[in-house]
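Structure at a glance
Next come the chains, spelled out residue by residue.
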Amino acid sequence: MIKQTIVAAFSALAASAALAADGTPAAADAQLIKQGEYLSRAGDCIACHTAKDGKPFAGGLGIDSPLGMIYSTNITPDKETGIGGYSYEDFDRAVRHGVAKDGHSLYPAMPYTAYAKVTPDDVKALYAYFMHGVEPVKQENKDTDIIWPLSMRWPLGVWRWMFAPDVATAPVTADTQGADRAALLRGQYLVEGLGHCSTCHTPRGVALQEKALTEADGSAFLSGGVVEGWLAKNLRGDATDGLGSWSQADIVAFLKSGRNGHSAAFGGMAQVVGDSTQHLSDADLNAIAAYLKSLPPVNKDATQPLAYDPSVAQALRTGSDKGDGAMAFLNNCAACHRSTGKGYAETFPQLALSSTVNSADPASLIHIVLKGAQMPATAAAPTAYAMPGFDWRMTDKEVADVVTFVRSSWGNKGTAVTAADVAKVRKDVGAAPQPAR
């Protein structure tokens, strides 16, 4: 009897440690769920696993890949259509190894090559959140639109063997010295892992693999890539097209508000700021910024910032420049971006000396002129300023003229853009046909 009483008491104690009186997770578990929610923000899980106007994490978002359309899966805890039947081991295998519960390989649209760097403790927190902090949604997953034989999954196992890194057992270590090591370690962990920055900001090889997953893999890491018609900019220390001219505070402001004195978030990055980075702590944002500022430039000679040249502004004010590009700029752009090219701080981005404007690939600049863009509305900067698209109004030649003008004015050193360049982007991003003249 005494033995039974003792066993019952310990059983009740164990149960109370897991659940509160009303059946909700106890304090320790609630804290783990809260941590998992924060980590899901850092990983921006909601961006890919939520369709437009859909339920959070219920999947169904179309992700355009070179092979065809891939649809994100339901990762709510629904037992029939989601991951409610996943054990922790199943969840970990999918997130960090790229293998679903039934054993098939996941497409690397799921950035498991980055999530491989996430520690087991953080995966456990994520698991707790998705199992107990997310509302289950009954929604069937969609098959891909990839045609056979490209739809066969077995080659993905070979791809994983060739390109997926070993999973982490502890936080990464940084090679960089000379700054706050703890912040650098944390920043590196977030950038390389949950933030999966390399997924967009690193160029890819012929097998669609990232050319570098870490700084140790070479200077291709975070040197820039093109995603859905947008240039995911160089995040290294290059002064012309990277972050060399941005301070740590500039990077933090951009990630927190979606804008700073240099630029504004557009395209996919606007969603990243809105769904993910604005929700991170100041400590983590500063750690990310510190790590990014530690990366050397791709071009070792690209450490000198461009110098502002006022001659173009003077020519625009006096009307002495009658060129096609100058006139197109005055008629369509100067009201917001000003004849000085300096725009209005944190409202209409400056074009003078902009790293986006001066990037070797003009894709983003052409894309913005054609289809416009909108800043994210954030807690730090709630007004979502937008630029209209000019695809219906400007021909390919006119867009090429104005983009070339912008890339060569006020001290900018970008190369010229042709009408053929614009025509390609117009087609790639689904812009309206150019108007007849």
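Residues take numbers from 1 onward in each chain, read along the sequence in its written order. Residues qualify for local features only when their pLDDT is at least 70, as the model is predicted, and side-chain atom pairs are given and counted only at 80 or more; totals for whole chains, interfaces and linings, by contrast, use all residues. Side-chain numbers come from the whole structure's heavy atoms, not from hydrogens or water.

Bringing the overall build of the protein chain into the picture now. A run of H or I in DSSP becomes a helix once it reaches four residues, and a run of E becomes a strand once it reaches two; helices and strands are each numbered from the N terminus. For the protein chain, the count of helices and strands is 18 helices and six strands. Only C-alpha atoms enter the radius of gyration; for comparison, a globular chain is expected to reach 2.2 Å times N to the power 0.38, where N is the number of residues. At 24 Å, the protein chain has a C-alpha radius of gyration in line with the 22 Å of a compact globule built from 437 residues. With respect to the principal axes defined by its C-alpha atoms, the protein chain has extents near 100 × 50 × 40 Å. Per-residue burial over the protein chain gives 46% buried out of 437 residues. Restricting the contact set of the protein chain to residue pairs at least 6 apart, pairs at least 24 apart contribute 62%. Just so you know, the count uses Lys and Arg for positive and Asp and Glu for negative, and it drops His and the chain ends. In plain terms, the charge of a residue is placed at NZ if it is Lys, CZ if Arg, CG if Asp and CD if Glu. Charge centroids of the protein chain, computed over 38 positive and 44 negative side chains, lie 3 Å from each other. Here the term buried applies to any residue with accessible area under 20% of the maximum for its type, exposed to any over 50%, and partly exposed to those in between, with areas from a 1.4 Å probe on protein chains only. Any pair of residues with heavy atoms lying within 4.5 Å of one another is described as a contacting pair.

Moving on to the packing of helix α17 (residues 396–407) against helix α18 (residues 419–428). Axes, fitted as lines to C-alpha atoms, cover a helix only where it is in contact. Angles between the N-to-C directions of the axes lie from 0 to 180 degrees. The N-to-C vectors of α17 and α18 enclose an angle of 110 degrees; their axes lie 8 Å apart at closest approach. Judged by the angle between their axes, α17 and α18 are roughly perpendicular. The interaxial crossing formed by α17 with α18 has right-handed handedness. Seen from α17, the contacting residues are Asp396, Lys397, Val399 and Ala400; seen from α18, they are Ala419, Val422, Ala423 and Arg426. Within the contact of α17 with α18, the residues separate by chemical class into five nonpolar, no polar and three charged. Should an angle fall under 35 degrees it is taken as roughly parallel, and over 145 as roughly antiparallel, whereas 65 to 115 is taken as roughly perpendicular and any remaining angle as oblique. Working rule for handedness: look at the near helix, and if it is turned counterclockwise from the far one by less than a right angle, call the crossing left-handed; if clockwise, right-handed. The residue classification treats Ala, Val, Leu, Ile, Met, Phe, Trp, Tyr, Cys and Pro as nonpolar and Asp, Glu, Lys and Arg as charged. All others, Gly included, are polar.

A few words now on the UniProt feature "binding site: heme c 1" (unreviewed entry) in the protein chain. What UniProt calls "binding site: heme c 1" (unreviewed entry) maps, in this numbering, to Cys45, Cys48 and His49. Among the structural elements, cysteine 48 can be located in helix α3 (residues 45–48). Discounting residues that sit within four places of it in the chain, cysteine 48 has contacts with Leu61, Ile63 and Ser72. Considering the arrangement of structural elements, one finds histidine 49 in the loop between α3 and β1 (62–65). Classification of histidine 49 by relative accessible area gives buried; the value is 13%. Apart from residues lying up to four places away in sequence, histidine 49 is in contact with Phe57, Ala58, Gly59, Ser72, Thr73 and Ile75. UniProt positions are given in the numbering used here, feature names are shortened, and annotations may be inferred rather than shown by experiment.

Quick look at the nonpolar core now. Throughout, nonpolar core names a set of buried Ala, Val, Leu, Ile, Met, Phe, Trp, Tyr and Cys residues whose side chains join them through atoms within 4.5 Å. Core analysis: the biggest nonpolar cluster contains 53 residues, and Phe91, Phe130 and Leu292 have the highest contact counts within it. Within the residue set of this core, elements represented by two or more residues are α2 (27–43), α4 (88–97), α5 (112–115), α6 (120–132), α8 (181–192), α10 (248–257), α11 (268–275) and α12 (282–293). When residues of this core are assigned to their parent elements, the largest contribution, eight residues, is made by α6. Not counting residues up to four positions away in its chain, the partners in contact with phenylalanine 91 are Ile83, Tyr86, Val123, Leu126, Tyr127 and Phe130.

Looking now at the packing of aromatic side chains. Any two rings among Phe, Tyr and Trp, with Trp reduced to its six-membered ring, count as a pair given centres within 6.5 Å; such a pair is stacked if its planes are under 30 degrees apart, edge-to-face if over 60, and tilted if neither. What the rule picks out here adds up to 15 aromatic pairs. Pairing phenylalanine 91 with phenylalanine 130 gives two aromatic rings, centres 6.2 Å apart and planes at 40 degrees, and the pair type is tilted. Note that phenylalanine 91 is positioned in helix α4 and phenylalanine 130 in helix α6, a separation of 39 residues in sequence. Residue phenylalanine 91 is classed as buried on the basis of its relative accessible area, which comes to 6%. With a relative accessible area of 2%, phenylalanine 130 lands in the buried category. A network of ring pairs unites the aromatic residues Phe57, Tyr88, Phe91, Tyr127, Tyr129 and Phe130 as a single cluster. Two conditions define a charge located above a ring, namely a distance within 6 Å from the ring centre to NZ of Lys or CZ of Arg, and an angle within 35 degrees of the ring normal. In this structure, lysine 233 packs its charged tip against the face of tryptophan 246, placed 5.5 Å from the ring centre. Between lysine 342 and the ring centre of tyrosine 308, over which it is positioned, the NZ or CZ distance is 4.4 Å.

With respect to the helices and strands, the residue aspartate 92 is situated in helix α4. Among residues more than four places away in sequence, those in contact with aspartate 92 are His97 and Val123.

Moving on to the pairing of strand β2 (residues 68–71). One requirement defines pairing of two strands: DSSP has to find at least two bridges between them. Inspection of the sheet shows β1 paired to β2 by four bridges, in the antiparallel sense. The residue bridging aspartate 64 from the neighbouring strand is methionine 69, located in β2. What sits between the antiparallel neighbours β1 and β2 is a turn of two residues.

Under the domain assignment, the protein chain is made up of domain 1 (27–163), domain 2 (179–294) and domain 3 (310–429). Note that domain bounds follow an automatic or database assignment of domains. Each of domain 1 and domain 2 was reduced to a C-alpha centroid, and the two centroids are 22 Å apart. Between domain 1 and domain 2, the contact holds 20 residues from the first and 23 residues from the second. Accessible area, probed at 1.4 Å, shrinks when two parts are joined; the buried area is that loss added up over both. In this assembly, domain 1 packs against domain 2 so that about 2,000 Å² is buried in total across both faces, 62% of it on carbon and sulfur atoms. Ranking the residues of domain 1 by area buried against domain 2 places Tyr38, Arg41 and Lys117 at the top, with a combined share of 30%. Any carboxyl oxygen of Asp or Glu within 4 Å of a side-chain nitrogen of Lys or Arg constitutes a salt bridge here. Between the two partners, domain 1 and domain 2, sit zero salt bridges. Polar contact is the term for a pair of N or O atoms within 3.5 Å; when the atoms are in protein, one must be able to donate a hydrogen and the other to accept it, and sequence-neighboring residues count only if both atoms are side-chain atoms. Along the contact surface separating domain 1 from domain 2 lie nine residue pairs in polar contact (both at pLDDT 80 or more). Mapped onto the side of domain 1 that touches domain 2, the elements with two or more residues apiece are α2, α3, α5, α6 and α7 (154–163).

The sites that UniProt annotates as "binding site: heme c 3" (unreviewed entry) are Cys333, Cys336 and His337. Classification of cysteine 336 by relative accessible area gives partly exposed; the value is 31%. Those residues in contact with cysteine 336, other than ones at most four positions away along the chain, are Gly343, Tyr344 and Phe348.

With that settled, consider unusual backbone geometry. The omega torsion across tryptophan 148 and proline 149 is 10 degrees, close enough to zero to call that bond cis. Examined against the element boundaries, proline 149 turns out to sit in the loop between α6 and α7.

Before going further, it helps to spend a moment on the side chain of threonine 378. Structurally, threonine 378 can be placed in the loop between β5 (373–374) and β6 (386–387). Looking at threonine 378, the relative accessible area reads 4%, which means it is buried. At 3.1 Å, the side chain of threonine 378 forms a polar contact with the backbone oxygen of serine 257. If we ignore the near neighbours within four places in the chain, the residues touching threonine 378 are Lys256, Ser257, Val273 and Gln278.

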